[in-house]
Amino acid sequence: MDRIAVLIPCYNEAKTIGKVVADFKATLPEAIVYVYDNNSSDGSDRIAQDAGAVVCYEYQQGKGNVIRRMFAEIYADCYILVDGDDTYPAENARQMAECVFKHRADMVVGDRLSSTYFEENKRLFHNFGNYFVRWGINFLFKKDIKDIMTGYRAFSYRFVKTFPVLSQGFEIETEMSIHAIDKNMYTENVICEYRNRPDGSMSKLNTYADGMKVILTILRLFRTYRPMKFFSIVAAVLAVSAVIFFIPVLKIYITTGLVPKLPTLIICGFVMLSALYSFFAGIVLQTIYQKNRQDFEMELYHVTKEQMYMIQNKGI
């Protein structure tokens, strides 16, 4: 079991991966640096290995798939996750690890948005997307995480071994943040500088396609983790729509005693029934969610016990 494991997902980062590995080995000499190559075609794996990293492979394309493999295979007291594009300074890694060891933080967020991100990143829609995602998650989940989409984080053992990776691509960061919020994981924030990619290094993030995936992930996780709120909103929208279309029908009936818009009346009835079904579906799913939370707390207990056992028997 490693004391500190630096995890670097890598896909065609030949221009930067060697420097990233060297920087983290210099900053955290006691750490093991793992580079998981995700079907690179530019020799990134060879460069990382020459720089001193332990190189592994994940053949399912997508950052989420890489992190899923990393979290399953590597055992460490502290995990540092960082992108291989040299946009995050290694100098913050020691402080982030100390938050895990000394403050018992489960997730440490490398906060770009409170530093140089908006000056360095020239892509307008990326900046707007980061603002929007941060606002949306903090609003829906009543939290105040400073940087939702950052690729620079530190984790405790119990976070990594209880985090179910469901996303396959770049929406994985959003999933991590919401998991930490929902499971009441202790989170700390470390402000770090953000450097723009060097010339010749291309981002793999598609602003529009991946941005839409992130938004859909937020809605999916809001439905999963806050079912009562989600289905209450759906029920309210359906009920209000039914009432709005029912009022003219009711006025005509009161005035004439006739119902000339019978199809509208029937549709309003079905929409109102759908609203009731949605509300009661929320109640049922909220009960299931509460049971899942109880099961998670027991799983957390067993994972913590497992970690303590490995620490006590380290070196035996």
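Residues numbered from 1 in each chain as written. Predicted model: local features only at pLDDT ≥ 70, side-chain atom pairs only at ≥ 80, totals over all residues. Heavy atoms only, no water.

### Focus: the overall build of the protein chain
Okay, step 1: Each helix and strand counted, the protein chain has 11 helices and seven strands in total.
Okay, step 2: Projecting the C-alpha coordinates of the protein chain onto the three principal axes gives extents of approximately 85 × 45 × 35 Å.
Okay, step 3: Looking at the protein chain residue by residue over its 316 residues, the buried ones come to 47%.
Okay, step 4: Pairs at least 24 apart in sequence give 77% of the contacts found in the protein chain among residues at least 6 apart.
Okay, step 5: Here the protein chain has roughly 16,200 Å² of accessible surface; of this, 62% comes from carbon and sulfur atoms.
Okay, step 6: Averaging the coordinates of the 36 positive side-chain charges in the protein chain and doing the same for the 34 negative ones gives two points 8 Å apart. (Helix = DSSP H or I, 4+ residues; strand = E, 2+ residues; numbered from the N terminus. Buried < 20%, exposed > 50% of the residue type's maximum accessible area, 1.4 Å probe, protein only. Contact = heavy atoms within 4.5 Å. Areas by Shrake-Rupley, 256 points an atom, 1.4 Å probe, with all protein chains shown as cover. Lys, Arg positive; Asp, Glu negative; His and termini not counted. Charge placed at Lys NZ, Arg CZ, Asp CG, Glu CD.)

### Observations concerning the pairing of strand E7 (residues 187-191)
Okay, step 1: Across the two faces of E7 the burial differs, with Glu188 and Val190 buried and Thr187, Asn189 and Ile191 not buried at all.
Okay, step 2: Summarising the sheet, strand E5 (residues 107-111) and E7 pair through five bridges and their orientation is parallel. In the strand pairing of E7, aspartate 111 is matched with isoleucine 191. (Pairing = 2+ DSSP bridges.)

### Regarding unusual backbone geometry
Okay, step 1: Within the chain, asparagine 12 stands out as a residue other than glycine whose phi angle is a positive 55 degrees.
Okay, step 2: Locating asparagine 12 in the fold gives a position in the loop between strand E1 (2-10) and helix H1 (17-27).
Okay, step 3: Unlike most non-glycine residues, arginine 104 shows phi in positive territory, near 60 degrees.
Okay, step 4: Here arginine 104 lies in the loop between helix H4 (93-102) and E5.

### A word on the packing of aromatic side chains
Okay, step 1: One pass over the structure, following the stated rule, counts 16 aromatic pairs.
Okay, step 2: Ring geometry for tyrosine 57 versus tyrosine 59: centroids 6.1 Å apart, planes at 10 degrees, classification stacked.
Okay, step 3: Tyrosine 57 gets classed as partly exposed once you look at its relative accessible area, which sits at 36%.
Okay, step 4: Centre to centre, the rings of phenylalanine 159 and phenylalanine 163 are 5.5 Å apart; their planes meet at 25 degrees, and the pair counts as stacked.
Okay, step 5: Grouped by ring-pair contacts, the aromatic residues Phe71, Tyr79, Phe155, Phe159 and Phe163 constitute a single cluster.
Okay, step 6: It is arginine 3 that lies over the ring of phenylalanine 101; its NZ or CZ is 3.7 Å from the centre.
Okay, step 7: In this structure, lysine 142 packs its charged tip against the face of phenylalanine 139, placed 4.8 Å from the ring centre. (Phe/Tyr/Trp six-rings, centres within 6.5 Å; stacked < 30°, edge-to-face > 60°. Lys NZ or Arg CZ within 6 Å of the ring centre and 35° of its normal.)

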